Amino acid sequence: MNYIYQNPSLTPMERTLNLLSLMTLEEKVGQMMQISYSMVNPTEAEEWVSKKFSGSFLHVLGDNADHLQELALSTRLGIPLIFGIDAIHGHGLLNGATIFPSQLAMSCSFNTDLIEKAGRVTAKEVAADGLHWTFSPVLCIGRDARWGRIDETFGEDPYLIGILASAIIKGYQGENLSDPNSILACAKHYLAYGESTGAKDAYDTEVTVRKIREVFLPPFKKAVEVGCATFMTGYQSIDGTPMAANKKMLKGILKDELGFEGFVVTDWNNTGSLVSNQKVSPDIFDASKKTIESGNDMIMNTNDFYDATLEQVKKGEISESLIDEAVKRILNIKFSMGLFDGKKRRGYVSKDVINCVEHQEANIQLTRESMVLLENKNNTLPLKNIKKIAVIGPNADDIQAQFGDWTFFSHPNPSPDAIPNFEYYTMLRGIQELASSKEVEVSYHKGCDIMNKEDIDIDGAINSCKDADVIIAVVGDCLALNGEFKDRATLDLSGSQQKLLEELKKLNKPLVVVLVNGKPLSIQWITQNADAVIETFNSGTLGGKALAQILFGEFNPCGKLTISFPYHSGQTPVYYNHLPGWHSPKYADMPVAEPLYSFGYGLSYTNYEYSNLKLSKAICSKEDTITVSVDVTNVGESDGTEIVQLYINDIVSSVMTPVKELKGFKRVFIKAGETNTVNINLAISDLIIVNADEEYVVEPGEFEIMVGSDSRDQSLIKEILTVK
Ligand code: NOJ
């Protein structure tokens, strides 16, 4: 041991300060560099490590990562690299790892235990691959379904996003960052990124600071509270100020006000974008200076930041203390996670965990609970007394559409021809396997292409339905219409899917529609014409298995939507927690004001009745926590899990507040015929609003307390609470 910082018995900060004092300016600026392995050749990658001392790489896997790490450890101070990867629904960029349902899909489970477990499984698989850090979770609020990245969100509710994010962050980071199975989480994209105008990704966001504090900041605040180690700066601008240059949001709110102690990484070339896209900087020099001064610590994939920053620090145009501050944060995390002590090298966690049986078990549980039964007319489901099923549709046997974005098919380079080297269940395979165990015959026809309108074979599809007792039509979207760079103008079914469905309907057989898609689509016709509808979103490796279990009644569906479905694309953005004040009751050319399906909605093979809503205290003070209790009776014939939801409305407030806001929920298993009394705690401090002076206050007065099975008025029973 030559240096003090190598002594593992010192605290991470003691070691950091010692190391920092030994570093040259070049080594320090190098630590701030995150190089994309997909954007440099192998020699350049090596040079970034050995000559420019880069601190991090992203999108590098396996032997390549190992090799770079060896090089880093052999440099003068032997500072290990930190490897980041987009493992956002499982370690999906590695062909072979467990792929979970997308964030949007998993959020519909409302199951914090399973989501934490998914985080843990992902962490183990990422760690086994020798990597250290996932760029997850996404805490953007999914309000405008046309936005390409809706699939990456936990839906439209800030409270729920905060709760689910905390769960997955705990899963990733474990009890202790130095645990060999723990990886860093990254709360992204800070801040209000999903809100960009017209659902145009990375575009300008027209929100005020008050609104940011009230709606968009709370999930990120939760992430700080649970110790999320890193944050990622959003691409977009807020009222004309790009996030990467937003000192008020990054340094002011995140670091100084919320006390975030980890480090902030920019998004992909945010610094370069200040010059090329957003045009607030004339050159890379100004852009680098702004990036540093605003509070970004690590720079993702803007490689000319290095020289531009060195030059300016040497000339005294950028203060070296700002570089020290950024590097201190990065090194402190590196020490905290045991990187310097060999704990996070490949081989430390056995590769056998990747997609192991235990991980598949966690995956199937989460996948089943993520699926949402939207319609079930005349109890079409579960399937009974059938001899033959016709499975029709472009997404029935398409694993890429089923996975959605952020797998090896799409990143770091699009590889549509990649062959999965693991077992996976498309919807078709899942149905075929379970049907065959029940001696039910299955026919299959693709029917049409999801993009090309001309590619349709109605006769073939109809022929395949001959003698079938039920048709299962699997439609939705695909990678060309879902994910980063895939914002949409219309949410209508693409290609000739609508025509295919209409032709199938004419056969007068029970029609079950299964949706495989990244986001809510405009499916009014399906709602009206299908006998049953199941939303699966992007369900991952075991989607087909989970779907089959639901179709055949081996699992009673319990997922609830975390995002509203519009009647029509023109109704977007549509979300349940909107403000009051619209003069019209509805759009003149739409039947109702409400969405087609609302937040919190989802059916089951049983029904629940709510009664006896009670508040432990009807008049209380701001410091109180009350218990809201309700009796929930399973009035059907199957046992089931209900997600009981608690909403509030601040009846009169100094600034307008949403018509409803989720403030609590509980998942309860209730046997057929039984009643459970469900208690949900409500802290009065959670009734906080941000007033016109941007102060956080609970305003005295009356609040409506609403409990029920979804966010629609007709599903809720209500009581009044008075806060003194
Ligand atoms: C850009 C995306 O916006 C971000 O979510 C992702 O983590 C980075 N690229 C790295 O791939």
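Definitions and limits used
- Residues numbered from 1 in each chain as written.
- Predicted model: local features only at pLDDT ≥ 70, side-chain atom pairs only at ≥ 80, totals over all residues.
- Heavy atoms only, no water.
- Pairing = 2+ DSSP bridges.
- Helix = DSSP H or I, 4+ residues; strand = E, 2+ residues; numbered from the N terminus.
- UniProt positions renumbered as here; feature names shortened; annotations may be inferred.
- Near = heavy atom within 4 Å.
- Polar contact = N/O pair within 3.5 Å; in protein donor to acceptor, adjacent residues only side chain to side chain.
- Areas by Shrake-Rupley, 256 points an atom, 1.4 Å probe, with all protein chains shown as cover.
- Patch = residues over 30% accessible without salt bridge, like charges linked within 9 Å, V, L, I, M, F, W, Y side chains within 5 Å.
- Salt bridge = Lys/Arg side-chain N within 4 Å of Asp/Glu carboxyl O.
- Lys, Arg positive; Asp, Glu negative; His and termini not counted.
- Charge placed at Lys NZ, Arg CZ, Asp CG, Glu CD.
- Contact = heavy atoms within 4.5 Å.
- Phe/Tyr/Trp six-rings, centres within 6.5 Å; stacked < 30°, edge-to-face > 60°.
- Buried < 20%, exposed > 50% of the residue type's maximum accessible area, 1.4 Å probe, protein only.
- Lys NZ or Arg CZ within 6 Å of the ring centre and 35° of its normal.
- Axes fitted to C-alpha atoms, helices over the stretch in contact; angles between N-to-C directions.
- Parallel < 35°, antiparallel > 145°, perpendicular 65-115°, else oblique.
- Left-handed = near helix turned anticlockwise from the far one by under 90°.
- Nonpolar A, V, L, I, M, F, W, Y, C, P; charged D, E, K, R; others polar.
- Core = buried A, V, L, I, M, F, W, Y, C linked by side-chain atoms within 4.5 Å.
- Domains from an automatic or database assignment.
- Arc of directions from axis to C-beta.
- Right-handed = clockwise from strand over helix to strand, strands pointing away.

Here we look at the sheet that holds strand β2 (residues 56–58)
Phase 1 of the analysis: Overall, parallel pairing links the 5 strands, which are arranged β4-β3-β2-β1-β11 in an open sheet. At either margin of the open sheet sits one strand with a lone partner, and together these are β4 (133–134) and β11 (299–300).

Examining the UniProt feature "domain: Fibronectin type III-like" (unreviewed entry) in the protein chain
Phase 1 of the analysis: Feature annotation in UniProt assigns "domain: Fibronectin type III-like" (unreviewed entry) to the following positions: residues 642–711.
Phase 2 of the analysis: From the first C-alpha to the last, residues 642–711 spans 14 Å; its make-up is 0% helix and 57% strand.

A short note on the site of the ligand
Phase 1 of the analysis: In the region of the ligand, 14 residues are neighbours, and D86, R149, K188, H189 and D267 sit closest.
Phase 2 of the analysis: A distance of 3.2 Å is found between an oxygen atom of the ligand and a side-chain nitrogen or oxygen belonging to H59.
Phase 3 of the analysis: Here an oxygen atom of the ligand and a side-chain polar atom of D86 are 2.5 Å apart.
Phase 4 of the analysis: Within the complex, 97% of the 290 Å² of free accessible area of the ligand lies under protein.

Some thoughts on a negative patch on the surface
Phase 1 of the analysis: Together, E454, D455, D457 and D459 give the surface a local cluster of negative charge.
Phase 2 of the analysis: Within the element layout of this structure, D457 appears in the loop between β14 (441–445) and α17 (458–464).

Some thoughts on the environment of Q549
Phase 1 of the analysis: Tracing the backbone through its elements, the reader meets Q549 in helix α20 (residues 543–551).
Phase 2 of the analysis: Separated by 167 residues in sequence, Q549 and P382 place their C-alpha atoms 9.3 Å apart.
Phase 3 of the analysis: Dropping the residues within four chain positions of it, Q549 is found in contact with I364, R368, L434, E554 and F555.

Things to note about the packing of aromatic side chains
Phase 1 of the analysis: Enumeration according to the criterion identifies 27 aromatic pairs in this entry.
Phase 2 of the analysis: Here the aromatic rings of F231 and F260 are separated by 4.6 Å at their centres, their planes lie at 50 degrees, and the arrangement is tilted. Here F231, found in strand β7 (residues 230–233), pairs with F260, found in the loop between α9 (247–257) and β10 (263–265); they are 29 residues apart in sequence, far enough to count as distant.
Phase 3 of the analysis: Judged by its relative accessible area of 3%, F260 is buried.
Phase 4 of the analysis: Geometrically, the ring pair formed by F537 and F565 is tilted, given 6.3 Å between the ring centres and 50 degrees between the ring planes. Within this pair, whereas F537 is found in the loop between β17 (532–535) and α20, its partner F565 is found in the loop between α20 and β18 (608–615), the two being separated by 28 residues in sequence.
Phase 5 of the analysis: The exposure class assigned to F537 is buried, which follows from its relative accessible area of 0%.
Phase 6 of the analysis: Through a chain of ring-to-ring contacts, three or more aromatic side chains come together here, namely F110, Y576, F599, Y647 and F665.
Phase 7 of the analysis: Here K188 stacks its cationic end above the ring of W406, 5.7 Å away from the centre of that ring.

Quick look at the pairing of β7
Phase 1 of the analysis: Residues T230 and M232 of β7 are buried on one face, and the alternating residues F231 and T233, pointing to the opposite face, are buried as well.
Phase 2 of the analysis: As judged from the 3 bridges shared by strand β5 (residues 186–190) and β7, these two strands associate in the parallel manner. Considered in β7, the bridge of Y190 is made with T233.
Phase 3 of the analysis: With 3 bridges connecting them, β7 and β10 associate as parallel partners. By the bridge assignment for β10, F231 is matched with V264.

Section: the sheet that holds β5
Phase 1 of the analysis: The strand order across the open sheet built from 3 strands is β5-β7-β10, with neighbouring strands paired in parallel fashion. The open sheet is flanked by β5 and β10, the only strands paired with a single partner. Neighbour to neighbour, the strand axes of the sheet diverge by 25 degrees on average, direction disregarded.
Phase 2 of the analysis: Across the sheet, helix α8 (residues 209–225) is in contact with β5 and β7; its angle to β5 comes to roughly 155 degrees.
Phase 3 of the analysis: Strands in contact with α9 are β5, β7 and β10; relative to β5, the strand with the most contacts, it is inclined by about 140 degrees.

Let's talk about the packing of helix α16 (residues 427–437) against α20
Phase 1 of the analysis: Axis separation between α16 and α20 bottoms out at 7 Å; the angle between their running directions is 50 degrees. In terms of orientation, α16 and α20 fall into the oblique class. In this structure, α16 crosses over α20, and the sense of that crossing is right-handed. Touching M427, G430, I431 and L434 of α16 are G543, G544, K545, L547, A548, Q549 and L551, all from α20.
Phase 2 of the analysis: Among the residues forming the contact of α16 with α20, the class breakdown is 6 nonpolar, 4 polar and 1 charged.

Overview of the nonpolar core
Phase 1 of the analysis: Membership of the largest hydrophobic core comes to 122 residues, with the highest contact counts inside it found for F57, Y190 and F231.
Phase 2 of the analysis: Shared between two domains, this core holds at least three residues of each, these being domain 1 (1–79 + 303–343) and domain 3 (608–723).
Phase 3 of the analysis: Setting aside anything within four residues of it in sequence, one finds F57 in contact with Q34, I35, Y37, A45, W48, V49, L68, L81, I82, F83 and G84.
Phase 4 of the analysis: With 43 residues, the next largest nonpolar core counts V372, C448, Y597 and Y601 among its residues.

Structural notes on α9
Phase 1 of the analysis: Buried within α9 are the following residues: M249, L250, I253, L254 and K255. On an axial view of α9, the arc spanned by its buried residues comes to 160 degrees, and they lie on one face.
Phase 2 of the analysis: Tucked into the core, α9 has its buried residues touching β5, α8, β7, β10, α11 (284–294) and α13 (320–336).
Phase 3 of the analysis: G259 lies just past α9 and shows a positive phi near 70 degrees.

With respect to the side chain of S522
Phase 1 of the analysis: Along the chain, the position of S522 falls in the loop between β16 (511–516) and α19 (524–529).
Phase 2 of the analysis: In this structure the side chain of S522 is engaged in a polar contact, spanning 3.3 Å, whose partner is the side chain of D492.
Phase 3 of the analysis: Here Y567 takes part through its backbone oxygen, which lies 3.4 Å from a polar atom of the side chain of S522.

A short note on the pairing of strand β3 (residues 82–85)
Successive side chains on a regular strand alternate, one facing one side of the sheet and the next facing the other.
Phase 1 of the analysis: Side chains of β3 alternate between two faces, with I82 and G84 and F83 and I85 buried alike.
Phase 2 of the analysis: Where β2 meets β3, 3 bridges bridge the pair, whose relative direction is parallel. Within β3, the position partnered with L58 by the bridge is G84.
Phase 3 of the analysis: The β-α-β motif built from β2, the intervening helix α4 (residues 62–73) and the parallel element β3 has right-handed crossover chirality.
Phase 4 of the analysis: Looking at chain direction, β3 and β4 are connected through 2 bridges and run parallel. Pairing of G84 across the sheet is with W133, part of β4.

Concerning the domain arrangement of the protein chain
Phase 1 of the analysis: In terms of domain boundaries, the protein chain breaks down into domain 1 (1–79 + 303–343), domain 2 (363–559) and domain 3 (608–723).
Phase 2 of the analysis: A separation of 47 Å is found between the C-alpha centroids of domain 1 and domain 2.

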